[in-house]
Amino acid sequence: MNQSDFLKVVLPFKDKVFRLAKRLLVSTEEAEDATQELLFKLWKSKEKLADYNNVEAFAMTMTKNYCFDRLKSKQASNLTLVHSNYKEKETSLDKKLEYRDSVNQVHLLIEQLPEQQKIIIQLRDVEQYDFEEICKMVDMKPTAVRVALSRARKTIREELIKKHNYGVS
Amino acid sequence: MELANIEKLVEKYLDATTTLQEEATLKDYFTGGFVAKHLQEYAYLFNYFDTAREETFTKTISLEPTKSKKRNLKWFSVAASVAVLFSVFVGKQQYDKNMQRKEAQRIYAQVSKGLELLSRNLKKGEQAVANLYRYEDGVHKILR
């Protein structure tokens, strides 16, 4: 496998790796470093990549594990507290400011979820993987994934309703 | 899509039993702009997911090893230990040289002291011999 072959395999999901890393590590710089590091790791083990029939799922699992390691290591512990500098991309420029705030609110709400739920909601609702793939990526049983996902969705919804009602009245 | 159907799907969505197709239906409805008031919070949710999906990794991918801090530290320690070894080596040499010089000085001092003693005693002896000659001369004068 040469460099261009490798890039052809990796490019379709590099953004997904980046977004998952950012979901877990919060800061953009950290996520960029993590993505870079992961792609390099994949490149180093490129001989083995042929054995995996699903490189993408493998990469996502690696991302998850790598980010957990980063979070555990002291080096990253001061960075987890950095407030997210999330910028929304011009989707609702013409819409009301309040509306945009509510959309951004979702980001903060997800940030407060437990790590496991964060990953699963990222993989399902943002990246739209099917359950089978998610089970493989996070190494959990389907029922456990569903329970975590359901819990995450309900929590976000309840918080949104709470925030919205307070905000209006 | 009629509202009753959407409500049903929302229930399933919260229980995480929707399929990807059903979620796509929900997404289309909630990002479409006409959302029933009591379901407003889902519009925020699905709009957020849409925007979150747009974020991309913009940095160029480099497949060269990145210079990690760890490696630098490793080489730094190697360099430091080499430096320590070298300085110990040089220091030892200097110390030996210094000791040798001190030893030589000590020996030199001892030798010169000994020689001085010798020369002093020789002078004494010479004096004595000179006196002896003087006596001998005297004796010769008297005997003549």
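Residues numbered from 1 in each chain as written. Chains lettered and ligands numbered in written order. Predicted model: local features only at pLDDT ≥ 70, side-chain atom pairs only at ≥ 80, totals over all residues.

An account of the overall build of chain B is needed here, citing residue identities and associated values.
When its secondary structure is counted, chain B shows four helices and zero strands. In sequence order, chain B lays out its α and β elements as α-α-α-α. (Helix = DSSP H or I, 4+ residues; strand = E, 2+ residues; numbered from the N terminus.)

Summarise the overall build of chain A; cite the residues concerned and give the values.
A count of helical and extended segments in chain A gives nine helices and zero strands. Excluding contacts between residues fewer than 6 apart, the proportion of contacts in chain A whose partners are at least 24 apart in sequence is 64%. (Contact = placed C-beta atoms within 7 Å.)

So, helix 4 (residues 55–72) of chain A: which residues are in play, and what are the values?
With 18 residues, helix 4 of chain A should reach 26 Å at 1.5 Å per residue; the first-to-last C-alpha distance of 26 Å fits that figure. All of the buried residues in helix 4 of chain A are Ala59, Met60, Thr63, Lys64, Tyr66, Cys67 and Arg70 of chain A. (Expected span 1.5 Å × (residues − 1). Buried ≥ 20, exposed ≤ 12 C-beta atoms within 10 Å, placed from the backbone.)

Before we move on, could you go through the interface of chain B and chain A and cite the residues and values that matter?
Taken together, the contacts link 26 residues of chain B with 33 residues of chain A. At the level of elements, helix 1 (3–14) and helix 3 (40–52) of chain B are the ones that each hand at least two residues to the side of chain B that touches chain A. With nine residues, the top contributor of residues to the side of chain B that touches chain A is helix 3 of chain B. Of the residues belonging to the side of chain B that touches chain A, the class tally is 13 nonpolar, six polar and seven charged. (Nonpolar A, V, L, I, M, F, W, Y, C, P; charged D, E, K, R; others polar.)

Quick one: what's the story with the packing of helix 1 (residues 3–25) of chain A against helix 7 (residues 115–126) of chain A, residue by residue and with numbers?
All names here are of chain A. Interaxial distance between helix 1 and helix 7 falls to 10 Å at its minimum, and their mutual angle equals 150°. Here helix 7 runs roughly antiparallel to helix 1, going by the angle between their axes. Every pair of crossing elements has a handedness; the one defined by helix 1 and helix 7 is right-handed. Each of Arg19, Leu20, Arg23 and Leu24 in helix 1 lies in contact with helix 7, whose residues at this interface are Glu115, Lys118, Ile119, Gln122 and Val126. Here the residues of the contact of helix 1 with helix 7 are counted per class, giving four nonpolar, one polar and four charged. (Axes fitted to C-alpha atoms, helices over the stretch in contact; angles between N-to-C directions. Parallel < 35°, antiparallel > 145°, perpendicular 65-115°, else oblique. Left-handed = near helix turned anticlockwise from the far one by under 90°.)

Can you explain helix 7 of chain A? Please cite residues and give values.
All names here are of chain A. Given a rise of 1.5 Å per residue, 12 residues ought to cover 16 Å, and the 15 Å separating the end C-alpha atoms of helix 7 matches this to within 8%. Burial analysis of helix 7 places nine of its 12 residues in the buried class, which makes it a mostly covered element. Along helix 7, the residues classified as buried are Gln117, Ile119, Ile120, Ile121, Gln122, Leu123, Arg124, Asp125 and Val126. Gln128 occupies a position one or two residues after helix 7 and carries a positive phi of about 55°.

Mind laying out the environment of Phe30 of chain B, listing which residues take part and the relevant values?
All names here are of chain B. Turning to its location among the elements, Phe30 is positioned in helix 2 (residues 20–30). Judged by C-beta crowding, with 24 C-beta atoms within 10 Å, Phe30 ranks as buried. Sequence spacing of Phe30 and Gln40 is 10 residues, and the spatial spacing of their C-alpha atoms is 8.3 Å.

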